[in-house]
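Below, each chain spelled out in residue letters.
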Amino acid sequence: LEESANKLLQEGERYQLELLLSGPYDEQPCRILLTAGAGGTEANDWVADLKRMYERHAQKMGYSLQIEDEQPGEVVGYKSVEMVISASTDADGGAHPYGWFKGEKGSHRLVRLSPFNANNKRQTTFAGVDVAPILDDNDLNDIDIPEKDLEITTMRSGGAGGQNVNKVNSAVRIKHLPSGLNVKCTQERSQAMNKDLAMKRLKAQLLAIAKEQRVAEIQEIRGDQVEASWGTQIRNYVLHPYKMIKDQRTGWETSNVQSFLDGDLEDCIAELLKASAMEEQEASLQENSTI
Amino acid sequence: TVEQAHDFATKLQRRMKHEPIQYILGQWDFLDYTVAIRSPLLCPRPETEELVMMIVNDTTQSPVHILDVGCGTGVIGISLADMLTDATVRAIDIEPVAIQTSNENAKRILGSQTEYRYQATLASAENFSPDRRFDVVVSNPPYIPQLDMKTLSKDVLHFESEQALCGGVDGMDVIRTIIRQLPNWCNPGGICWMEVDPTHPQLIQEWLEDSKSLDLGVKFESSYEDLYGKERFVKLSVQ
């Protein structure tokens, strides 16, 4: 009886959380990019750990996870991993991939005794996690980027072009001049298709930034310091000399590090969602009261 | 498997002799389509993808009857047939392999609609006399000037058809033929789009705006740059 009561409580909680996930792109699939920070092999190994952690967490939450690209590290692990998380076709699977994982965006700091260090010394490494929603055409039509803001380069730049040349390298890189954002797409055999995909990814990133600016606005309204979120440490994973994982934004912490690294992120993420929702609510109230 | 390894080795040999990869694989992508590509037809270039998208964005007429001159693998006409509502396409080429490949690619992409929406026939621009006039004429004609031919890399020069590449001394031979035929092919107000050599837009504009050319009945509308900043496309209209 107690077991089923707990389960009901859990499901009740989960339902409440779903209500918090009502941002404009929360229901969309998301693209997650893991990048090793400085630290060489140790950082590459950290990326592998994070990859595993997200794979297992996605499975627990009923999401579908696809690895899109992997750049292996020279010794172990990865320089970078790109994955896509989408809602599973299962009826009781998770339904808000971007909404759920967007809080993972930022810098994740690991402190442990490094097996790759000659003296097995304690080392600090970072990995960057970037999360962007994958928008469908309807969402993207909201954004119009003027041609003059873009610098588009392909592998064929320079030379005669046209009928004179038959080079099939169709990679396209687009740089958005005002923001400095860079997007590259190599997956299609058609250059036009790669350009199309690169534009979509650029727009998704710009939208995410616009959303962040809203977050900054909220913090300003509240009188908090405005911080850039990419590059900011969002979570500390300390494995030595004590075991503690602490989320910097909510103060949520656990000493059950192995369980967390095995994919048990639900409580931590739930805490963040509740805190964000409260912040948004307070800010809206303050905004409205000053009108 | 042993067969796969052998097949791969054979293909690698061919590639080492600079044979275009599209010929070796027998197919490649053009926009969102995978199309059959056969020797000695021209392997579609990215600029041609731009041409098609430009036409799609510019064409509002529906239904629209289109002519693809020098269709090759058929990609231009077939993409337009697929992306424009109520478009019917005729395509011509002087190379029999082009006609076969274009009709085959049309069936791949348009399926059962091919029967009443796409037809490629063997004909030269000089001799083509349609029973129904067109709203849009599009072409990626051979446009490389004679002298530039020897600057081409091996994979182009030794494998793709010279007929599909070289446009005579100034590269404009076929272009001129097409322009002269436009009043015979098009409805009044018909539009002609062509992919050309960067030296051509100016030559074409000067020719059409010369007072001696008034009886041609073709007006130079505009030229457009490709992704590499080269003047690659022209838009003409028929009076």
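Residues numbered from 1 in each chain as written. Chains lettered and ligands numbered in written order. Predicted model: local features only at pLDDT ≥ 70, side-chain atom pairs only at ≥ 80, totals over all residues. Heavy atoms only, no water.

## Let's talk about the overall build of chain B
The number of helices and strands found in chain B is 10 helices and 9 strands. Relative to its full complement of 239 residues, chain B shows a buried share of 54%. Restricting the contact set of chain B to residue pairs at least 6 apart, pairs at least 24 apart contribute 66%. Per element, the accessible surface of chain B, about 11100 Å² overall, is 51% carbon and sulfur. (Helix = DSSP H or I, 4+ residues; strand = E, 2+ residues; numbered from the N terminus. Buried < 20%, exposed > 50% of the residue type's maximum accessible area, 1.4 Å probe, protein only. Contact = heavy atoms within 4.5 Å. Areas by Shrake-Rupley, 256 points an atom, 1.4 Å probe, with all protein chains shown as cover.)

## A few points about empty space enclosed by the protein
Tallied over the entire structure, the rule returns 2 cavities of 30 Å³ or more. Estimated volume of the largest cavity: approximately 150 Å³. For the largest cavity, the lining is made up of 18 residues, of which R189(A), W28(B), P44(B), R45(B) and P46(B) are closest to its centre. Counting only elements with at least two residues in the lining of the largest cavity, the list comes to β1 (27–30) and α3 (46–58) of chain B. Looking at which element gives the most residues to the lining of the largest cavity, the answer is β1(B), with 3 residues. Residue composition of the lining of the largest cavity, grouped by class: 6 nonpolar, 6 polar and 6 charged. (1 Å grid on protein atoms, 1.4 Å probe; cavity = no way out; pocket = protein on both sides within 12 Å on 5 of 7 lines; lining within 4 Å. Points joined across faces, edges and corners; volume = space filled by probe spheres on them. Nonpolar A, V, L, I, M, F, W, Y, C, P; charged D, E, K, R; others polar.)

## As for the packing of helix α4 (residues 75–83) of chain B against helix α5 (residues 96–110) of chain B
Residue and element names in this part refer to chain B. Interhelical geometry of α4 versus α5 gives an angle of 25 degrees and a closest axis separation of 10 Å. Looking at the two axes, α4 sits roughly parallel to α5. α5 is crossed by α4, and the crossing has right-handed handedness. Together, I78, A81 and D82 of α4 and S102, N105, A106, I109 and L110 of α5 make up the contact between the two elements. Its residues assigned to classes, the contact of α4 with α5 comprises 5 nonpolar, 2 polar and 1 charged. (Axes fitted to C-alpha atoms, helices over the stretch in contact; angles between N-to-C directions. Parallel < 35°, antiparallel > 145°, perpendicular 65-115°, else oblique. Left-handed = near helix turned anticlockwise from the far one by under 90°.)

## Let's talk about the environment of Q233(A)
Residues and elements named next belong to chain A. Along the chain, the position of Q233 falls in strand β9 (residues 233–238). Take Q233: its relative accessible area is 25%, and that puts it in the partly exposed class. Taking the C-alpha atoms as reference points, Q233 and Q248, 15 residues apart in sequence, are found 7.3 Å from one another. Each residue touching Q233, except ones within four places of it in the same chain, is listed here: S107, R109, F126 and Q248.

## Some details on the sheet that holds strand β1 (residues 30–36) of chain A
All names here are of chain A. One open sheet accounts for 8 strands, arranged β2-β3-β1-β5-β4-β9-β10-β11; its pairing is mixed. Both outer strands of the open sheet, β2 (63–72) and β11 (253–254), are each paired with one neighbouring strand and no more. Across 7 bridges, β1 lies against strand β5 (residues 122–133) in antiparallel orientation. Each residue of the ladder has a partner; that of I32, found in β5, is V131. Each of β1, β2, β3 (78–87), β4 (106–113), β5 and β9 is contacted by helix α2 (residues 41–60), which is oriented at about 45 degrees to β5, the strand it contacts most. (Pairing = 2+ DSSP bridges.)

## Regarding the interface of chain B and chain A
Listed by partner, the interface residues are 35 residues for chain B and 21 residues for chain A. Buried area between chain B and chain A, both sides added, is near 2100 Å², and the carbon and sulfur share of it is 47%. Per-residue buried area on chain B facing chain A is highest for W28(B), L227(B) and Y228(B); these three make up 26% of the total on that side. Taking the shortest distance from any N to any O, the salt bridge between D29(B) and R189(A) comes out at 3.1 Å. Across the contact surface, chain B and chain A share 17 residue pairs in polar contact (both at pLDDT 80 or more). Elements represented by at least two residues in the side of chain B that touches chain A include exactly α2 (21–25), β1, α3, α7 (154–157) and α8 (162–165) of chain B. Looking at the side of chain B that touches chain A residue by residue, the classes come out as 19 nonpolar, 5 polar and 11 charged. (Buried area = accessible area lost by both parts, 1.4 Å probe. Salt bridge = Lys/Arg side-chain N within 4 Å of Asp/Glu carboxyl O. Polar contact = N/O pair within 3.5 Å; in protein donor to acceptor, adjacent residues only side chain to side chain.)

## Thoughts on the environment of A204(A)
Residue placement: A204(A) occurs in helix α5 (residues 191–222). Between the alpha carbons of A204(A) and L135(A) there is a distance of 6.4 Å; along the sequence they are 69 residues apart.

## Observations regarding a nonpolar patch on the surface
Residues and elements named next belong to chain B. A cluster of nonpolar side chains, namely F8, L12 and M16, defines an oily patch on the protein surface of about 340 Å² accessible area. Its location among the elements puts L12 in helix α1 (residues 2–16). Among the residues examined, L12 registers a relative accessible area of 41% and is labelled partly exposed. (Patch = residues over 30% accessible without salt bridge, like charges linked within 9 Å, V, L, I, M, F, W, Y side chains within 5 Å.)

## Structural notes on the nonpolar core
Counting 52 residues, the largest nonpolar core has I32(A), L34(A), L50(A), Y54(A), F101(A) and Y237(A) as its most contacted members. Apart from the residues within four sequence positions on either side, Y54(A) is in contact with L34(A), L65(A), M83(A), F101(A), E104(A), H108(A), V129(A) and L265(A). Formed by 36 residues, the second largest nonpolar core is a distinct cluster that contains M193(A), C43(B), I99(B) and V136(B). (Core = buried A, V, L, I, M, F, W, Y, C linked by side-chain atoms within 4.5 Å.)

Functional significance is not addressed by these values, which are geometric in nature.
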